[in-house]
Amino acid sequence: MVSIKNEYKSFLDDIEKNIKNKEDLEYIKKRFADFLEVVIEKMDYILDYKEEEMNKLEEKQNQIEAKISSMQKMIDNIENDIYSEDGYDFEITCPYCNYEFIIDVDETKTEVQCPECKNMIELDWGNDTPDNKDEDDDM
Ligand SMILES: [Zn+2]
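Heads up: these notes are all about the structure in this document.

Things to note about a nonpolar patch on the surface
Okay, so step 1: Among the surface-exposed residues, Tyr-45, Ile-46 and Tyr-49 lie close enough to one another that they form a single nonpolar patch of about 350 Å² accessible area.
Okay, so step 2: With respect to the secondary-structure elements, Tyr-49 resides in helix α2 (residues 22-86).

As structure tokens, this is what we get:
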């Protein structure tokens, strides 16, 4: 704002030096003062508007941060679910000796040895193939 004041003063000095007709000078001074009033009013308006925009942006930013933190919580929960499923144990009852034991879920394994009678037990993870079904029916 200081520089605008300086500019205004140098503008007035300049026209006073260069316009010899006193009536013209007064007219230009007044006309320019009117113009300057509008400019200053507009500048105030723009500054207010900017401040309002900044407040809105800040509010949006806060909302986004809240959303991100609630999404982070959801992701953490999903990770916990996946992790606890990884650590899920599968209980097996041996069909040969009825010995019960626990193995880690591993769907790539198709059979496991009974630690008691050493027989191989076929594993059924719930999505059996038709072959497994037939064998069950035969027994
Ligand atoms: Zn067994």
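Moving on, there is more to tell.
Considering the packing of aromatic side chains
Okay, so step 1: Evaluated as defined, the whole model comprises four aromatic pairs.
Okay, so step 2: When the centroid spacing of 5.5 Å and the interplanar angle of 20 degrees are considered together, the rings of Tyr-8 and Phe-32 count as stacked. Of the two residues, Tyr-8 is situated in helix α1 (residues 2-18) and Phe-32 in helix α2; the sequence distance between them amounts to 24 residues.
Okay, so step 3: Ring geometry for Phe-32 and Phe-35: centres 5.8 Å apart, planes at 45 degrees, overall tilted. Taken together, the residues Phe-32 and Phe-35, both in helix α2 and three residues apart, mark about one turn of the helix.
Okay, so step 4: Among the aromatic residues, those joined into a cluster by ring pairs are Tyr-8, Phe-11, Phe-32 and Phe-35.
Okay, so step 5: Here the guanidinium or amino end of Lys-42 rests over the ring plane of Tyr-45, the centre of that ring lying 6.0 Å away.

Concerning the coordination of the zinc ion
Okay, so step 1: Coordination of the zinc ion by the protein comes from Cys-94 (SG), Cys-97 (SG), Cys-114 (SG) and Cys-117 (SG), over a distance range of 2.2 to 2.3 Å.
Okay, so step 2: Sequence spacing of the donors to the zinc ion: C-x2-C-x16-C-x2-C.

Considerations on the pattern of salt bridges
Okay, so step 1: This structure, assessed with the given rule, holds four salt bridges.
Okay, so step 2: Between Lys-29 and Glu-16 there is a salt bridge, and its shortest N-O distance comes to 2.7 Å. With Lys-29 in helix α2 and Glu-16 in helix α1, the pair connects residues that are 13 residues apart, well separated along the chain.
Okay, so step 3: The shortest N-O distance in the salt bridge between Asp-34 and Lys-30 comes to 3.2 Å. Placement of the pair is Asp-34 and Lys-30 together in helix α2, with a separation of four residues, close to one helical turn.
Okay, so step 4: Take Asp-34: its relative accessible area is 34%, and that puts it in the partly exposed class.

Quick notes on unusual backbone geometry
Okay, so step 1: Of note in this structure, Asn-98 is not a glycine but carries a positive phi near 65 degrees.
Okay, so step 2: Among the structural elements, Asn-98 can be located in the loop between β1 (89-93) and β2 (100-104).
Okay, so step 3: Overall, Asn-98 belongs to the exposed group, its relative accessible area being 58%.
Okay, so step 4: Even without being a glycine, Lys-118 presents a positive backbone phi close to 65 degrees.
Okay, so step 5: Note that Lys-118 resides in the loop between β3 (111-113) and β4 (120-122).

Points about the environment of Val-112
Okay, so step 1: Mapped onto the elements, Val-112 comes out in strand β3.
Okay, so step 2: Val-112 sits eleven residues away from Leu-123 along the chain, and the two C-alpha atoms are 6.9 Å apart.
Okay, so step 3: Those residues within four positions of Val-112 in sequence are excluded, and the remaining contacts are Ile-92, Phe-101, Ile-103, Asn-119, Met-120, Ile-121 and Leu-123.

Considering the pairing of β2
Okay, so step 1: Where burial is concerned, the two faces of β2 differ: the one with Phe-101 and Ile-103 is buried and the one with Glu-100, Ile-102 and Asp-104 is not.
Okay, so step 2: Here β1 runs beside β2; their pairing, made up of five bridges, is antiparallel. Each residue of the ladder has a partner; that of Asp-89, found in β2, is Asp-104.
Okay, so step 3: The antiparallel pairing of β1 with β2 creates a hairpin that spans six residues between the two strands, and Asn-98 there sits at a positive phi of about 65 degrees.

About the thresholds
- Residues numbered from 1 in each chain as written.
- Predicted model: local features only at pLDDT ≥ 70, side-chain atom pairs only at ≥ 80, totals over all residues.
- Heavy atoms only, no water.
- Patch = residues over 30% accessible without salt bridge, like charges linked within 9 Å, V, L, I, M, F, W, Y side chains within 5 Å.
- Areas by Shrake-Rupley, 256 points an atom, 1.4 Å probe, with all protein chains shown as cover.
- Salt bridge = Lys/Arg side-chain N within 4 Å of Asp/Glu carboxyl O.
- Helix = DSSP H or I, 4+ residues; strand = E, 2+ residues; numbered from the N terminus.
- Phe/Tyr/Trp six-rings, centres within 6.5 Å; stacked < 30°, edge-to-face > 60°.
- Lys NZ or Arg CZ within 6 Å of the ring centre and 35° of its normal.
- Donors = N, O, S within 2.8 Å, 3.2 Å for Na, K, Ca; no water.
- Buried < 20%, exposed > 50% of the residue type's maximum accessible area, 1.4 Å probe, protein only.
- Contact = heavy atoms within 4.5 Å.
- Pairing = 2+ DSSP bridges.

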